[in-house]
Amino acid sequence: MRILAVGDVQFPSGAEYVAAALPAIKRAEKADFVIVNGENTADNSALDERCARLLLASGADVITGGNHTLRRPEVYDFLDECSDTVIRPLNLPESAPGRGWTILPVCEGLRLLVINVMGQVMMDPCDNPFAAADRLLESKKGLYDLAVCDIHAEATSEKTAFAYYFNGRISCIFGTHTHVQTADERLLDRGTGYITDIGMCGTEDSVIGAEPTTAVNRFITRTFSRKKQPSGKMIICGALFETDNRTGYCVSVNRIKY
């Protein structure tokens, strides 16, 4: 099975760009399943319902989230209603809207467990992602055939440690949040495919997706202002994982950039 993971989508314009390009990318990469991180699809770092629905209609199978997912109360009902296809970090409080996992049928009758967790290092308060994912895997034992996880975290060490801890138990693990695609894709010795960050989708001439002046002023003056959407060439970053359906092992992981 070929699983395409698409990095953090920036602003509604990024969502529209990804939606327009995704069908062709899906065909070109021969992807059987597509996961898109959509927590920044709103104008100012939040999940946007319209954009999420647009991405799903264009070929995404699951939308994952992160620390910005719950910033807008108007998406709470949407997260509850569409929890099979739009998920938020598992290790947020249990009472939070939505849920942090889904199990969906994929090719050859297989069942794919998609998990979304958030890191603890330099992030908003949350439960331990290692413990939360451990509990979920145990509770869903026998209900899925392969698992994939989006770990939305700041620290590269936390993401990498997570991959080694779940090596052999989660087939594909990819990081999101930092918006910079890393060059460390690898196959771990017990069958897990891993990359620390799959990058972002948005304007390339930017500071992690935002208009550069906004970010520069923050560092120079310590003042904060609303993120502005930059103009310029758009990029789509992500990674393509291929798994062996018989063993559940990941057999290849490759970065993509369009």
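Parameters at a glance
Residues numbered from 1 in each chain as written. Predicted model: local features only at pLDDT ≥ 70, side-chain atom pairs only at ≥ 80, totals over all residues. Heavy atoms only, no water. Helix = DSSP H or I, 4+ residues; strand = E, 2+ residues; numbered from the N terminus. Rg over C-alpha atoms; globule rule 2.2 N^0.38 Å. Buried < 20%, exposed > 50% of the residue type's maximum accessible area, 1.4 Å probe, protein only. Contact = heavy atoms within 4.5 Å. Pairing = 2+ DSSP bridges. Polar contact = N/O pair within 3.5 Å; in protein donor to acceptor, adjacent residues only side chain to side chain. Arc of directions from axis to C-beta. Patch = residues over 30% accessible without salt bridge, like charges linked within 9 Å, V, L, I, M, F, W, Y side chains within 5 Å. Areas by Shrake-Rupley, 256 points an atom, 1.4 Å probe, with all protein chains shown as cover. Salt bridge = Lys/Arg side-chain N within 4 Å of Asp/Glu carboxyl O. Axes fitted to C-alpha atoms, helices over the stretch in contact; angles between N-to-C directions. Parallel < 35°, antiparallel > 145°, perpendicular 65-115°, else oblique.

**Student:** Could you clarify how one ought to interpret the overall build of the chain in this entry?
**Tutor:** Counting its regular elements, the chain contains 6 helices and 13 strands. Relative to a compact globule of 258 residues, whose C-alpha radius of gyration would be 18 Å, the chain shows 17 Å and is just as compact. Every one of the 258 residues in the chain was classed for burial, and the buried ones make up 56%. Looking at the chain alone, contacts between residues at least 24 apart form 65% of all its contacts between residues at least 6 apart.

**Student:** It is not clear to me how the sheet that holds strand S9 (residues 186-187) should be interpreted in this structure. Could you clarify?
**Tutor:** Two modes of strand pairing occur in sheets, parallel and antiparallel, and in both the strands are linked by backbone hydrogen bonds. Overall, mixed pairing links the 6 strands, which are arranged S5-S6-S7-S8-S10-S9 in an open sheet. Every other strand in the sheet has two partners, leaving strand S5 (101-105) and S9 as the edge strands with one partner each. Where S9 lies against strand S10 (residues 193-195), 2 bridges are found, and the strand directions are antiparallel. Note on S10: the bridge partner recorded for Leu 187 is Gly 193.

**Student:** How do you make sense of the pairing of strand S13 (residues 250-257) when you look at a structure like this?
**Tutor:** For a regular strand, the rule is simple: side chains alternate between the two faces of the sheet. When strand S12 (residues 234-243) meets S13, the two strands line up antiparallel, connected through 7 bridges. Considered in S13, the bridge of Phe 241 is made with Val 253. What sits between the antiparallel neighbours S12 and S13 is a turn of 6 residues, in which Gly 248 has the positive phi angle 85°.

**Student:** Honestly, the side chain of Thr 102 in this entry has me stumped. Any pointers?
**Tutor:** If you trace the backbone, Thr 102 turns up in strand S5. For Thr 102, a relative accessible area of 0% puts it in the buried group. A distance of 2.7 Å separates the side chain of Thr 102 from the backbone oxygen of Asp 84, its partner in a polar contact. Once residues lying within four places of it in the same chain are set aside, the contact partners of Thr 102 are Val 62, Ser 83, Asp 84, Ile 87, Leu 112, Leu 113 and Val 114.

**Student:** Looking at this structure, how should I read helix H2 (residues 49-57)?
**Tutor:** What sets the pattern is the α-helix's 3.6 residues per turn: residues three or four places apart point alike. Taken as a whole, H2 has its buried residues at Cys 51, Ala 52 and Leu 55. Projected down its long axis, H2 carries its buried residues within an arc of 100°, all on one side. The secondary structure elements touched by the buried residues of H2 are helix H1 (11-28), strand S3 (33-37), strand S4 (62-64) and helix H3 (76-81). Where H2 begins, the side chain of Asp 48 points an oxygen toward the backbone nitrogen of Arg 50, at a separation of 3.2 Å. Gly 59 occupies a position one or two residues after H2 and carries a positive phi of about 130°.

**Student:** Got a minute to help me understand a nonpolar patch on the surface in this structure?
**Tutor:** A cluster of nonpolar side chains, Val 180, Val 207 and Ile 208, forms an exposed patch at the surface whose accessible area comes to about 230 Å². Tracing the sequence through the fold places Val 180 in the loop between strand S8 (172-176) and S9. For Val 180, a relative accessible area of 48% translates into the label partly exposed.

**Student:** Is there a simple way to explain the packing of H1 against H2 in this structure?
**Tutor:** Relative orientation of the contacting elements H1 and H2 amounts to 10°, with a least axis distance of 9 Å. Our classification of the angle between H1 and H2 gives roughly parallel. Seen from H1, the contacting residues are Pro 12, Ala 15, Glu 16, Val 18, Ala 19 and Leu 22; seen from H2, they are Arg 50, Cys 51, Leu 54 and Leu 55.

**Student:** Can you help me understand the environment of Tyr 194 in this one?
**Tutor:** Topologically, Tyr 194 is positioned in strand S10. Sequence spacing of Tyr 194 and Gly 66 is 128 residues, and the spatial spacing of their C-alpha atoms is 18 Å. When near neighbours in sequence (up to four residues on either side) are disregarded, Tyr 194 contacts Thr 156, Lys 159, Thr 160, Ala 163, Ile 173, Asp 184, Glu 185, Arg 186, Phe 241 and Val 253. Here Thr 160 takes part through its side chain, which lies 3.0 Å from a polar atom of the side chain of Tyr 194.

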